[in-house]
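Structural overview
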Amino acid sequence: QVQLVESGGGLVQPGGSLRLSCAASGPTFSLYVMGWFRQAPGKEREFVAAISWIGSMTYYANSVKGRFTISRDSAKNTLYLHMNSLKPKDTAVYYCSANRGRGNYYYTTSYDYWGQGTQVTVSS
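Residues numbered from 1 in each chain as written. Predicted model: local features only at pLDDT ≥ 70, side-chain atom pairs only at ≥ 80, totals over all residues. Heavy atoms only, no water.

**Let's talk about the overall build of the chain**
- Broken down by element type, the chain carries zero helices and eleven strands.
- Going from the N terminus to the C terminus, the chain shows its helices and strands as β-β-β-β-β-β-β-β-β-β-β.
- Computed over C-alpha atoms, the radius of gyration of the chain comes to 13 Å, within 12% of the 14 Å expected from 2.2 N^0.38 for 124 residues, which places it in the range of a compact globule.
- Oriented by its inertia axes, the alpha-carbon framework of the chain measures out at about 40 × 25 × 25 Å.
- Residue burial in the chain is summarised as follows: out of 124 residues, 44% are buried.
- A separation threshold of at least 6 residues defines the contact pool for the chain, and within that pool the share at least 24 residues apart is 56%.
- Working note: accessible area of the chain is about 6,300 Å², and carbon and sulfur atoms make up 49% of it.
- Each charge class in the chain can be summarised by its mean position, and for the 12 positive and 6 negative side chains these summaries are 5 Å apart. (Helix = DSSP H or I, 4+ residues; strand = E, 2+ residues; numbered from the N terminus. Rg over C-alpha atoms; globule rule 2.2 N^0.38 Å. Buried < 20%, exposed > 50% of the residue type's maximum accessible area, 1.4 Å probe, protein only. Contact = heavy atoms within 4.5 Å. Areas by Shrake-Rupley, 256 points an atom, 1.4 Å probe, with all protein chains shown as cover. Lys, Arg positive; Asp, Glu negative; His and termini not counted. Charge placed at Lys NZ, Arg CZ, Asp CG, Glu CD.)

**As for the nonpolar core**
- Of all hydrophobic cores here, the largest spans 36 residues; its most connected members are Leu4, Met34, Trp36, Leu81, Met83 and Tyr94.
- By residue number, the principal contributor to this core is strand E5 (residues 46-52), which donates five residues. (Core = buried A, V, L, I, M, F, W, Y, C linked by side-chain atoms within 4.5 Å.)

**Concerning the pairing of strand E3 (residues 18-25)**
- The sheet contact formed by strand E1 (residues 3-7) and E3 spans five bridges and is antiparallel. Looking at the pairing, valine 5 lines up with alanine 23 of E3.
- Where E3 meets strand E8 (residues 78-83), six bridges bridge the pair, whose relative direction is antiparallel. For arginine 19, the partnering residue across the bridge sits in E8 and is histidine 82. (Pairing = 2+ DSSP bridges.)

**Digging into the pattern of salt bridges**
- Overall, the coordinates contain two salt bridges when judged by the stated rule.
- With a shortest N-O distance of 2.9 Å, aspartate 90 and arginine 38 are connected by a salt bridge. With a gap of 52 residues between them, aspartate 90 in the loop between E8 and strand E9 (92-99) and arginine 38 in strand E4 (residues 33-39) connect regions that are remote in the sequence. Taken individually, aspartate 90 and arginine 38 each receive the classification buried, so the pair is uniform in this respect.
- Taken together, the shared-partner salt bridges in this structure form one network comprising Arg38, Arg67 and Asp90. (Salt bridge = Lys/Arg side-chain N within 4 Å of Asp/Glu carboxyl O.)

**Details of the environment of tyrosine 105**
- Note that tyrosine 105 resides in the loop between E9 and strand E10 (113-114).
- A residue is classified by how much of its surface remains accessible, and tyrosine 105, at 28% relative accessible area, is partly exposed.
- Each C-alpha atom, one on tyrosine 105 and one on serine 52, is 9.1 Å from the other, the two residues being 53 residues apart in sequence.
- When neighbours within four sequence positions are excluded, tyrosine 105 is seen to be in contact with Val33, Phe37, Phe47, Ala50, Tyr59 and Tyr111.

Scope: geometric values only; no functional claims are made or implied.
What follows is the structure, given as structure tokens:
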């Protein structure tokens, strides 16, 4: 059973940077794609970024492309999301997720495992 534990959320000013981490435990060798989603109050959970284990292919939502960078450290079984040039619209609970090669990376239903979420608040 794969477990995901997130950290790194917090309060940051617009234009600032933040790095989120997601530590994975269990049979992570079976994972195919890991991703980040976010959910603002009253809104649906939205895709942010994803990365494949094989080839390290990355995928980004248009709203974060050029500002956010997803990466992984396989030796540490850890997923990262480096967020730069943060905007108030980025305020949300951010969730780490992982799948075993099922479905499309863009959809929440494609993921088998989820972290508890970490709050990111970008205040003016």
